[in-house]
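Results of the structural survey
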Amino acid sequence: MFSHRARGLLDFTMALLCLWAAYHHTPAGALVRRGAAWAFRTQSTARPLLAYYEGVSSSGVAAAALVPEAPLPRGLSQAEALAYGTHLALKGLKPEARRHTMALAREVGVSPLSLLDAEGGPAAARALHEALGVDFPDPQARLTAVFAGRVPARYAVERVGAEGGALSLERLAQQLPPGFEDAKVAATQTLALTTAFGLGWPVPESTRISSPFGYRVHPTLGTRKLHTGVDLGVPVGTEVRTVAEGTVRRASEDAVNGKVLLIDHGSGVTTAYCHNAELLVRPGQRVARGEPIARSGNTGRSTGPHLHYQLELSAQAVDPLRFRVRKQAVAGPPLP
């Protein structure tokens, strides 16, 4: 059917695809990538070997632990937000992945078990941060020490300092040796949570919530789907404000979301604002906290005027109400 030359090219192409699949999706490929990362002093993208057999993600943080169990009773200071985020990320780690943090807690006189306690955990995490403050004054370096231990964190700080430039969690993570993948993920999630705890609200606080976050029967599709944000029942033309400073990553329109904005707030935190009547900002534009960015509407797949507000941490949608200090909102009929 094929000429010898064509069959040879096809066989060569299939061989390359097999090598690519083995490199990216097998334990042997993971070992090769980790070895290359060690040799060239770069960050490995290989998953833990056990993940290849269990079919799980490399993230050591459980999704359920990414949000507080209830809405915040009051606003948090920067130090409190960092401690609360540390507590939540630590709760989501598997016991083996917590060993560096627990050893560090014992070393500085903080009860390891108290770090996981629902009531006392944030206070214990803050005590741990304060104990490390002298050696690691930078919050991102301190986060690295909390989850990876003093020695690896100090080495990472020294390496980044020798290279020059700004100290960041991303650069510190690149200097950690193989085997600290869970520590990197937990530190990154903590930073995202810390940022999320400082977010504002896009419309007046008194606005009713017409449909909360979670699974529901979709009002137009009739199927059970995850509602990835909250619907805020506002009239067409209501001013929508950004919840924190950031960069506009998307300002467009489609049949589902209508006129939609996506804003990147850094540290893995993004917010989306859907079904608007008018967009007031453009892609690439920097916006300040509280700046008007749109006028709400009824565009896209919608059964009535409202704003769909969505919060994502590391590309995972979470309930924005869990990060809001507010009074009990008035419930209403669901909207998409």
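Below you will find a few notes about this structure. (Residues numbered from 1 in each chain as written. Predicted model: local features only at pLDDT ≥ 70, side-chain atom pairs only at ≥ 80, totals over all residues. Heavy atoms only, no water.)

Between helix 6 (residues 121-132) and helix 7 (residues 139-148), whose axes approach to 10 Å, the crossing angle comes to 115°. Taken together, the axes of helix 6 and helix 7 lie roughly perpendicular to each other. The two elements helix 6 and helix 7 cross, and the hand of that crossing is right-handed. In this structure, helix 6 contributes Leu128, His129 and Leu132 to the contact, and helix 7 contributes Arg142, Leu143, Ala145 and Val146. Classifying every residue of the contact of helix 6 with helix 7 gives five nonpolar, one polar and one charged. (Axes fitted to C-alpha atoms, helices over the stretch in contact; angles between N-to-C directions. Helix = DSSP H or I, 4+ residues; strand = E, 2+ residues; numbered from the N terminus. Parallel < 35°, antiparallel > 145°, perpendicular 65-115°, else oblique. Left-handed = near helix turned anticlockwise from the far one by under 90°. Contact = heavy atoms within 4.5 Å. Nonpolar A, V, L, I, M, F, W, Y, C, P; charged D, E, K, R; others polar.)

What follows is about the pairing of strand 8 (residues 269-279). Of all 11 residues in strand 8, eight are buried; the element is thus mostly enclosed. Across six bridges, the pairing between strand 7 (residues 258-266) and strand 8 is antiparallel. When the bridges of strand 8 are listed, Ile263 appears paired with Thr271. Adjacent in sequence and paired antiparallel, strand 7 and strand 8 are bridged by two residues, among which Ser267 carries a positive phi angle near 60°. The pairing of strand 8 with strand 11 (residues 307-313) spans six bridges and is antiparallel. Bridge pairing links Val269 to Leu313 in strand 11. For strand 8 and strand 10 (residues 292-296), the ladder comprises three bridges, and the chain directions are antiparallel. (Buried < 20%, exposed > 50% of the residue type's maximum accessible area, 1.4 Å probe, protein only. Pairing = 2+ DSSP bridges.)

Looking at the secondary structure, you find Thr271 in strand 8. Looking at Thr271, the relative accessible area reads 1%, which means it is buried. For Thr271, the side chain forms a polar contact with the side chain of Tyr273, separated by 2.8 Å. The residues touching Thr271, leaving out its near neighbours within four places in the chain, are Leu199, Val243, Leu261, Leu262, Ile263, His265, Tyr309, Gln310 and Leu311. (Polar contact = N/O pair within 3.5 Å; in protein donor to acceptor, adjacent residues only side chain to side chain.)

Tracing the sequence through the fold places Thr188 in helix 10 (residues 181-196). The class of Thr188 is partly exposed, set by a relative accessible area of 37%. The contacts of Thr188, once residues within four sequence positions are left out, are Leu169 and Ser267.

Looking along a regular strand, one sees the side chains alternate between the two faces of the sheet. For strand 11, a buried count of six out of seven residues is recorded, marking the element as mostly surrounded by other parts of the structure. Where strand 4 (residues 230-232) meets strand 11, three bridges bridge the pair, whose relative direction is antiparallel. The partner of Val230 across the bridge, within strand 11, is Tyr309. Counted along the chain from strand 11 to the antiparallel partner strand 12 (residues 316-318), the turn is two residues long, and its residue Ser314 has a positive phi close to 50°.

According to the stated counting rule, one finds 11 salt bridges in the structure shown. Note that Arg150 and Glu107 form a salt bridge whose closest N and O atoms lie 2.7 Å from each other. Residue Arg150 is located in helix 8 (residues 150-163), and its partner Glu107 is located in helix 5 (residues 99-108); the two are separated by 43 residues in the primary sequence. A salt bridge links Glu239 to Arg241, with the shortest nitrogen-to-oxygen separation between them at 2.5 Å. In the salt-bridge network here, residues are joined through shared partners; they are Glu107, Asp135 and Arg150. (Salt bridge = Lys/Arg side-chain N within 4 Å of Asp/Glu carboxyl O.)

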